[in-house]
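# Examination of the molecular architecture
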Number of protein chains: 4
Amino acid sequence: MGSVFGNKIKLSVFGESHGNGIGVVIDGLPAGEAIDLDEVYRQMQRRAPGGDKTSTPRKEADIPEVLSGLLNGTTTGAPLCAVIKNTNTRSADYSNLLAAPRPGHSDYAAFVRYGGFNDIRGGGHFSGRLTANLVFAGAVFRQILERRGVSIAAHIYSIGHVKDEALDPTGISPELCSRLNSEKFALVDRSCEDAMRGEVENARINGDSVGGVVECIVQGLPAGIGEPMFGGVENVIAAAVFGVPAVKGIEFGSGFAGTELLGSQNNDEFYYDDSGNVLTRTNNHGGALGGITSGMPIIFRAAIKPTPSISKEQRTVDLQNRCGTTLSIKGRHDPCIVPRAVSVIESAAAAAVINLM
Amino acid sequence: MGSVFGNKIKLSVFGESHGNGIGVVIDGLPAGEAIDLDEVYRQMQRRAPGGDKTSTPRKEADIPEVLSGLLNGTTTGAPLCAVIKNTNTRSADYSNLLAAPRPGHSDYAAFVRYGGFNDIRGGGHFSGRLTANLVFAGAVFRQILERRGVSIAAHIYSIGHVKDEALDPTGISPELCSRLNSEKFALVDRSCEDAMRGEVENARINGDSVGGVVECIVQGLPAGIGEPMFGGVENVIAAAVFGVPAVKGIEFGSGFAGTELLGSQNNDEFYYDDSGNVLTRTNNHGGALGGITSGMPIIFRAAIKPTPSISKEQRTVDLQNRCGTTLSIKGRHDPCIVPRAVSVIESAAAAAVINLM
Amino acid sequence: MGSVFGNKIKLSVFGESHGNGIGVVIDGLPAGEAIDLDEVYRQMQRRAPGGDKTSTPRKEADIPEVLSGLLNGTTTGAPLCAVIKNTNTRSADYSNLLAAPRPGHSDYAAFVRYGGFNDIRGGGHFSGRLTANLVFAGAVFRQILERRGVSIAAHIYSIGHVKDEALDPTGISPELCSRLNSEKFALVDRSCEDAMRGEVENARINGDSVGGVVECIVQGLPAGIGEPMFGGVENVIAAAVFGVPAVKGIEFGSGFAGTELLGSQNNDEFYYDDSGNVLTRTNNHGGALGGITSGMPIIFRAAIKPTPSISKEQRTVDLQNRCGTTLSIKGRHDPCIVPRAVSVIESAAAAAVINLM
Amino acid sequence: MGSVFGNKIKLSVFGESHGNGIGVVIDGLPAGEAIDLDEVYRQMQRRAPGGDKTSTPRKEADIPEVLSGLLNGTTTGAPLCAVIKNTNTRSADYSNLLAAPRPGHSDYAAFVRYGGFNDIRGGGHFSGRLTANLVFAGAVFRQILERRGVSIAAHIYSIGHVKDEALDPTGISPELCSRLNSEKFALVDRSCEDAMRGEVENARINGDSVGGVVECIVQGLPAGIGEPMFGGVENVIAAAVFGVPAVKGIEFGSGFAGTELLGSQNNDEFYYDDSGNVLTRTNNHGGALGGITSGMPIIFRAAIKPTPSISKEQRTVDLQNRCGTTLSIKGRHDPCIVPRAVSVIESAAAAAVINLM
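Presented here is a report on the structure given in the accompanying data block. Values in this document were obtained by computation on a predicted structure and should not be read as measured data.

On to the overall build of chain A, then. Each helix and strand in chain A was counted, giving nine helices and 18 strands. At 21 Å, chain A has a C-alpha radius of gyration in line with the 21 Å of a compact globule built from 357 residues. In chain A, which comprises 357 residues, the proportion classed as buried is 68%. Put simply, of all contacts in chain A between residues at least 6 apart along the chain, 72% involve residues at least 24 apart. Within the structure as shown, chain A displays about 11100 Å² of accessible surface, and the carbon and sulfur contribution to it stands at 49%. For chain A, the separation between the mean place of its 33 positive charges and that of its 38 negative charges on side chains is 8 Å.

Take Thr259 of chain B: it is sitting in the loop between helix H7 (255-258) and helix H8 (263-266). Every residue in contact with Thr259 of chain B, bar those within four places of it in the chain, is listed here: Gly160, Gly211, Gly212, Val213, Ala303 and Ile304 of chain A.

When chain B is brought onto chain D, the operation consists of a screw motion whose angular component is 180° and whose axial shift is 0.0 Å, with 0.0 Å RMSD remaining. The symmetry that links the two subunits is that of a two-fold axis. When C-alpha positions in chain B are compared against the rotation axis, the closest is assigned to Ser12 of chain B, at 3.5 Å. The share of interface residues of chain B whose copies in chain D are also at the interface is 100%, consistent with both copies meeting through the same surface.

Residue and element names in this part refer to chain C. Here we have five strands laid out as an open sheet, ordered E1-E2-E3-E7-E4, and antiparallel in their pairing. If you trace the sheet from one side to the other, it starts and ends with strand E1 (4-5) and strand E4 (65-68), each paired once. Where strand E2 (residues 10-15) meets strand E3 (residues 21-27), six bridges bridge the pair, whose relative direction is antiparallel. Bridging from a neighbouring strand, Leu11 pairs with Ile26 of E3.

Looking at the secondary structure, you find Asn181 of chain B in helix H4 (residues 174-182). Look past the residues within four positions of Asn181 of chain B in its chain and what remains in contact with it is Gln43, Arg46, Arg142, Ile152, Ala153 and Glu346 of chain B.

Turning our attention to the pairing of strand E10 (residues 212-219) of chain C. All names here are of chain C. Counting buried positions over the eight residues of E10 gives eight, a clear majority of the element. Burial along E10 is two-sided: the residues Gly212, Val214, Cys216 and Val218 and Val213, Glu215, Ile217 and Gln219 are all buried. Two elements, E10 and strand E16 (residues 298-304), share seven bridges in a ladder whose sense is antiparallel. Looking at the pairing, Cys216 lines up with Phe300 of E16.

Here we come to helix H1 (residues 37-47) of chain B. All names here are of chain B. For H1, every residue scored as buried is listed here: Val40, Gln43, Met44, Arg46 and Arg47. Down the axis of H1, the sector holding all buried residues measures 150°, keeping them to one side. Those residues of H1 hidden inside the fold are in contact with strand E7 (80-85), helix H3 (131-146), H4 and helix H9 (338-356). Where H1 starts, the residue carrying a side-chain oxygen 2.9 Å from the main-chain nitrogen of Asp38 turns out to be Asp36.

Counted by the stated rule, this structure contains 22 aromatic pairs over all chains. Arranged with centres 5.5 Å apart and planes meeting at 90°, the rings of Phe252 of chain C and Phe242 of chain D form a pair that is edge-to-face. Of this pair, Phe252 of chain C sits in strand E11 (residues 247-252) while Phe242 of chain D is found in the loop between helix H6 (233-241) and strand E11 (247-252), placing the two residues in two different chains. Classification of Phe252 of chain C by relative accessible area gives buried; the value is 1%. What links up through ring pairs into an aromatic cluster is the set Phe242 of chain A together with Phe252 and Phe300 of chain B.

Right, let's get into the sheet that holds strand E3 (residues 21-27) of chain D. Residue and element names in this part refer to chain D. Pairing within the open sheet is antiparallel, and its five strands lie in the order E1-E2-E3-E7-E4. Each having just a single partner strand, strand E1 (4-5) and strand E4 (65-68) make up the two edges of the open sheet. Here E4 runs beside strand E7 (residues 80-85); their pairing, made up of three bridges, is antiparallel. Each bridged residue has a counterpart across the sheet, and for Val66 the counterpart in E7 is Ala82.

With an RMSD of 0.0 Å, chain A superimposes on chain B once it is rotated by 180° and translated 0.0 Å along the axis. Here 100% of the interface residues in chain A have copies in chain B that are interface residues too; the copies meet face to matching face.

Another aspect to go through is the interface of chain A and chain B. Where interface size is given, it is often the accessible area lost as the parts come together that is meant. With 96 residues of chain A in contact, the opposing surface of chain B contributes 96 residues. Counting the contacts that link chain A with chain B gives eight salt bridges. The residue Glu260 of chain A makes a salt bridge to Lys163 of chain B at a minimum N-O spacing of 3.6 Å. Here chain A is connected to chain B by 35 residue pairs in polar contact (both at pLDDT 80 or more). Taken together, the residues of the side of chain A that touches chain B sort by class into 46 nonpolar, 33 polar and 17 charged. Both strand E11 (residues 247-252) of chain A and strand E11 (residues 247-252) of chain B contribute to a ladder of three bridges, which runs antiparallel. Each residue of the ladder has a partner; that of Ile250 of chain A, found in E11 of chain B, is Ile250 of chain B.

Next up on the list: the pattern of salt bridges. Evaluation of the coordinates by the stated rule reveals 84 salt bridges over all chains. Glu227 of chain A serves as the salt-bridge partner of Arg113 of chain B, at 2.6 Å between the closest nitrogen and oxygen. Placement of the pair is Arg113 of chain B in helix H2 (residues 107-113) and Glu227 of chain A in the loop between strand E10 (212-219) and helix H6 (233-241), with the two residues belonging to separate chains. Classification of Arg113 of chain B as partly exposed rests on a relative accessible area of 26%. When the shortest N-O distance is used, the salt bridge between Arg148 of chain C and Glu33 of chain C registers 2.6 Å. Within this pair, whereas Arg148 of chain C is found in the loop between helix H3 (131-147) and strand E8 (151-159), its partner Glu33 of chain C is found in the loop between E3 and helix H1 (37-47), the two being separated by 115 residues in sequence. Of the residues examined, Arg148 of chain C reaches a relative accessible area of 42% and is grouped as partly exposed.

All names here are of chain A. Within strand E17 (residues 314-318), four of the five residues are buried, leaving the element largely enclosed by the surrounding structure. Bridge count between E17 and strand E18 (residues 323-327): five bridges; the pairing is antiparallel. Residue Arg315 lies in a different strand from E18, and its bridge partner there is Thr326. The antiparallel pairing of E17 with E18 creates a hairpin that spans four residues between the two strands, and Arg322 there sits at a positive phi of about 50°.

Counting residues at the interface gives 41 residues for chain B, matched by 41 residues for chain D. Here chain B meets chain D over a buried area of about 3000 Å², counting both sides, of which 63% is carbon and sulfur. Among the ionic pairs, Lys85 of chain D bridges to Glu65 of chain B, the shortest N-O distance being 3.4 Å. Our enumeration of links across chain B and chain D arrives at 14 residue pairs in polar contact (both at pLDDT 80 or more). Of all the secondary-structure elements, those providing two or more residues to the side of chain B that touches chain D are strand E2 (10-15), strand E3 (21-27), strand E4 (65-68), strand E6 (74-75) and E7 of chain B. Looking at the side of chain B that touches chain D, its residues break down into 15 nonpolar, 18 polar and eight charged.

With that settled, consider the environment of Pro169 of chain D. Residue and element names in this part refer to chain D. Along the chain, the position of Pro169 falls in the loop between strand E9 (162-163) and helix H4 (174-182). In this structure, the C-alpha to C-alpha distance between Pro169 and Val233, residues 64 residues apart in sequence, is 16 Å. Discounting residues that sit within four places of it in the chain, Pro169 has contacts with Ile217, Asn283, Pro297 and Ile299.

Residue and element names in this part refer to chain A. Phi is positive for Met229, which is not a glycine, with a value near 55°. Looking at the element boundaries, Met229 is found in the loop between E10 and H6. For Met229, a relative accessible area of 11% gives the class buried.

The rules behind these values
- Residues numbered from 1 in each chain as written.
- Chains lettered and ligands numbered in written order.
- Predicted model: local features only at pLDDT ≥ 70, side-chain atom pairs only at ≥ 80, totals over all residues.
- Heavy atoms only, no water.
- Helix = DSSP H or I, 4+ residues; strand = E, 2+ residues; numbered from the N terminus.
- Rg over C-alpha atoms; globule rule 2.2 N^0.38 Å.
- Buried < 20%, exposed > 50% of the residue type's maximum accessible area, 1.4 Å probe, protein only.
- Contact = heavy atoms within 4.5 Å.
- Areas by Shrake-Rupley, 256 points an atom, 1.4 Å probe, with all protein chains shown as cover.
- Lys, Arg positive; Asp, Glu negative; His and termini not counted.
- Charge placed at Lys NZ, Arg CZ, Asp CG, Glu CD.
- Least-squares fit on C-alpha atoms with pLDDT ≥ 70 in both.
- Pairing = 2+ DSSP bridges.
- Arc of directions from axis to C-beta.
- Polar contact = N/O pair within 3.5 Å; in protein donor to acceptor, adjacent residues only side chain to side chain.
- Phe/Tyr/Trp six-rings, centres within 6.5 Å; stacked < 30°, edge-to-face > 60°.
- Salt bridge = Lys/Arg side-chain N within 4 Å of Asp/Glu carboxyl O.
- Nonpolar A, V, L, I, M, F, W, Y, C, P; charged D, E, K, R; others polar.
- Buried area = accessible area lost by both parts, 1.4 Å probe.

The quantities given are spatial measurements derived from coordinates; they are silent on function.
See below:
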């Protein structure tokens, strides 16, 4: 049941890249929540390919049809299902993948897992296209969360060796949050865009790809949310974020760098602000202590590996003839999915947070 | 329900540091599995304090009593419950913590979460002592896993700025695995022990603490285990590992470093070995592709923050008088929990893996 | 998350009677299972209205579109989603229901639960129409179960005061099983059909409705399936069967009548048959002992209340004006849903059984 | 994971009749709830054997030790674990059960399920003794529920052919509720006690046993609680109540009898009472419509089969020699467990209800 997430508000994601359609069922939404579908589509556009040199040439309409759970733009409390029909698929591009699994991709693992019955076309259920469902759901969640004072924003923390300015872990302004939420290539410091695009373009020219890091902040959660041990903020967010294909690591607050600090450096001292709120001056803990929110922003970074689909020739195996072979992947593939992953990571965070509340 | 983990084999952990006892219920174990309790206790000793300058002076008998689920050393299939009675507690050390939450610790978040009714003594349910339950369960799981060809080992990857040699991600020898499993200060390269202990001793002398990284490898899992999206190997392991207090990050395979590689560098090419197995020459993917095992070892690193409990004076708040104050934590505290965390991380991995199979 | 069922193979049902469409996502199906969609549609026809005097005049095409999870008629292992678009709805019939909740129906409880935001048209998400999803899923499950030797059949045990012959709890012939699976008005003893239809017709003429009991048998499950306590065969089947609207009771084996027996009468003595199988001569236990299958058929009966929607005038309340009022329900309503419930109960049993295995 | 119940407040029950101890972990309790353990023990006494001719001669101290989750009589929010040590066990009585499974008991099914490794002594994990855990948990839940206006009461609806007066499904007085909650042989009409005890004594004299029905009412739940389909009031209560050994049926409101009524008879008309509450004049629906509470009491009946353990000689099989044999069960066994089951059914209802809220 890998494609189901959540204990309180449950996502059930379905679809395969070149099947009839993809979609998501969201069960457990509160009734009476106004949902602005135009805003949902805007968020989906941030993830959609096209309009941007860094992304795949495949054009998707990606306009979901809502089958249930909404009446007059308001949630009814019944499960909300949205479906996106698949069009514009070119399966022939993938014809040789079954025999020769792509290095770094799910092909081989899925072949074994499903005994060869999985739909290999376009990566099937493992396709990045499935994240459109996640952004749909995340955009719905975020409207509900915003109404409760919780906002989420992410940016491209790095592509290859080029780094954006980090988010202030003690909080960002509503303006920056709003700006990041509207950008397709979301950056704190727009001046690094050219260098980043350069990294991507270099990879593209060489038939290669490049990875990066997405940094995400969740603001407005009160202290006291989450559970100890396995139900903590980090556990739930990590369980959601690793649901995004290509994520290979996650760290909260000072994360791995914090392991080189002393306790006296890494601890965040508490203080009362002028309004009588307990805050910390730094946010190395990343918003959760003992798995429970501290009232400070949740901040985390997710490592996105370089897209495995590259046109450069690679060695792999021929599963039919049981021997070595080489592979040069054709078809439409992003040389870098990090920019498109920004809204997906925000959405995974939203799914986690709405289940923690 | 934060203290419950697992869908197939379910852990339910209970206890508070200075209450009557702590323990764990394991539901769903297969019947007929011989469990060597002496080996379980050996693993628990690796986590136990004492016998080692780096750890807390508190001595714990930590001998669990098995109340159910075992008959003549063999699992009956009924839930297995083990209880460890608490003794040798010195609650007075913690008397001022409620009023003045320790920076970096769960005190404040738990105070809000539980309305001040939580047992603050010794950290209560958030105490690192609770991880003894996890090691008990993990040691049981590992005996069952070993019988199915799956072994787990971890080591101190780093303490502060001192790094051990990394594990070979394509596999380690049974001898190294066995040696690491028997060490209280588990290292690949024992020659770095002195430098690591120096980091800890420096921190201790200064009333400070230091963090580190634990690296863990799971060998012997066949390809094809795990689920896509939210039920993947990474999701399940991360959900377990973040259940260990002080973990603030996790990365699989090349992880964060991999984001700076090109796809052609990070992709692991497939080949047939002489026995006809499909393997990869490198293991940047860390054993899971699309959330599903590839047949290569699972390898991950967990970031352990420096222990928040330090005797150095820190600024915090006085929750009763609603003003700032300072705190110098007394009591028995590890200046570095990384060595003891090794068997805990192995155990969390075991809990995740047995639920994936 | 009321519309989600199952721990291993998970159903997520969505839709509202007069919305855009209804459907179901089935996550966790094994890959490589051939699914005969024509047989699925045949089972759905047994539930569908029309072609039978006892049922609602509303005609539904009810031909589901499979969006994912099937490739060349075989499961891919990815979630299977089927959608049925809604057509031929006459919402005006229901226009006064919000103000005046129908006695015996979910209207009032749902109004409170969802703050009036639920889609009241046709009962919304509570409509019996949603059971089409359950029959779709059940028919898929049953093909997989049949391949493993497990068959399921049910019949109209009673309508009002008229009773069919009971199933032999120690087992029915493949012929009877197959015949029942093909009937729209499934009876062991067809000679009682006229009397049953008479009960229904009497109710219909009087603008009234009538209830009944469905009896269901599951054959072919080996001994040793199920869990003690809350994971038992009865718990899981009951949790599924009460998901069918209008079910108000369930009993296994001798059930309520067995409470008037002595232990020596109700106990089922064990014996070895000629093939060396352990069987019981009677089946008062209904196939489960201690929650675990005994190897005998599972047999249960579900009580279906008389349809609450009747045209006879009833007293109710006017929620807007907060006073009493009367209601005579218009629209297309079955005077008896028991015949159509037969395949729905079989499907609920199938969903439970496939999750127990 | 059969011995775990609940999504919000989770029970994990462990123990075997003749092992070291039994107990329960309750995870997810709200913090700050005062728990009167004396009242908990009083409820456990109602289930305990002894002090009553109808029950087993085995005396149990059954005083649980609370290991965690309570501080100064108040819940801390951490998991609450209570353990009851086993004493006074006479395992020799059960020595021949493994070879010759008791008809009507779990022996054979468990033997197959656990490959013969289960602890057969005293029924092991299937023993009715495990229900002491459920009553402990239920008594805790009921104190929390009472504080929120929800009360639960049950009585012996019937033993064999003797019936008590039924509860008024539209509500019972606080006095009756309180009286039933204090009785070990709980009856509405105490004048039927002699006849009921006569049924039991008759069975006992003949080395036989007798079953019965427990009726339970839950009052004080507001309208609007529960979920549609699989998360409904009936589903959740049934899933809990079938966790009580020997329960073979459950019906809500008019239940099976209601299937013989017309819709106009079975429907419960709504009205406004003088305080402006929406009520129904009758309660054939048993408090739930569409799975959601209506604001009327929840009322259900559970069928308890006659105890399978009887001293009368029965035919069974010899699993070692694979042939028929006879069995006369020795040891201490209730001829009727219905009186003791009353508080267990109340507790199962409490576990369900607290998870629904």
